[in-house]
Amino acid sequence: MSEFGISPRKIVILPDEVEAISIALAAAVKDYELIIAAGGLGPTFDDLTVEAVAKAFSLELKTSEAALQHIS
């Protein structure tokens, strides 16, 4: 991020829980223009990041058959 002139203003470490992540995200958008969420060691089959983002912003998750075919 520093290569692009972006300095973190706040770093938050949270438990791997949808509720905790969604609350933190919903609060952060009130104070910051850019939020970067990293799910720990990287994407895994049990990653909660997408679910937490959907919950934070009251969005419905949908499966894209076209995307599934592309990655299969």
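Calculation rules
Residues numbered from 1 in each chain as written. Predicted model: local features only at pLDDT ≥ 70, side-chain atom pairs only at ≥ 80, totals over all residues. Heavy atoms only, no water. pLDDT = per-residue confidence, 0-100. Helix = DSSP H or I, 4+ residues; strand = E, 2+ residues; numbered from the N terminus. Axes fitted to C-alpha atoms, helices over the stretch in contact; angles between N-to-C directions. Parallel < 35°, antiparallel > 145°, perpendicular 65-115°, else oblique. Left-handed = near helix turned anticlockwise from the far one by under 90°. Contact = heavy atoms within 4.5 Å. Nonpolar A, V, L, I, M, F, W, Y, C, P; charged D, E, K, R; others polar.

A. View of the confidence of the model for the protein chain. In the predicted model, the protein chain carries a mean pLDDT of 89, and the fraction of residues at 70 or more is 93%. Ranking the elements of the protein chain by mean pLDDT puts helix α3 (residues 65-71) last, at 89, and helix α1 (residues 18-28) first, at 96.

B. How the structure looks around the packing of α1 against helix α2 (residues 49-56). The geometry of α1 relative to α2 is characterised by a closest axis approach of 8 Å and an angle of 50° between their N-to-C directions. Between α1 and α2, the angle falls in the class oblique. When the axes of α1 and α2 are compared, the crossing they make is right-handed. Where α1 approaches α2, its residues Val18, Glu19, Ile21, Ser22, Leu25 and Ala26 are matched on the opposing element by Glu51, Ala52, Val53, Lys55 and Ala56. When the residues that make up the contact of α1 with α2 are grouped by side-chain class, the tally is seven nonpolar, one polar and three charged.

C. Summary view of unusual backbone geometry. Even without being a glycine, Ser58 presents a positive backbone phi close to 50°. Following the sequence through the fold, Ser58 ends up in the loop between α2 and α3.

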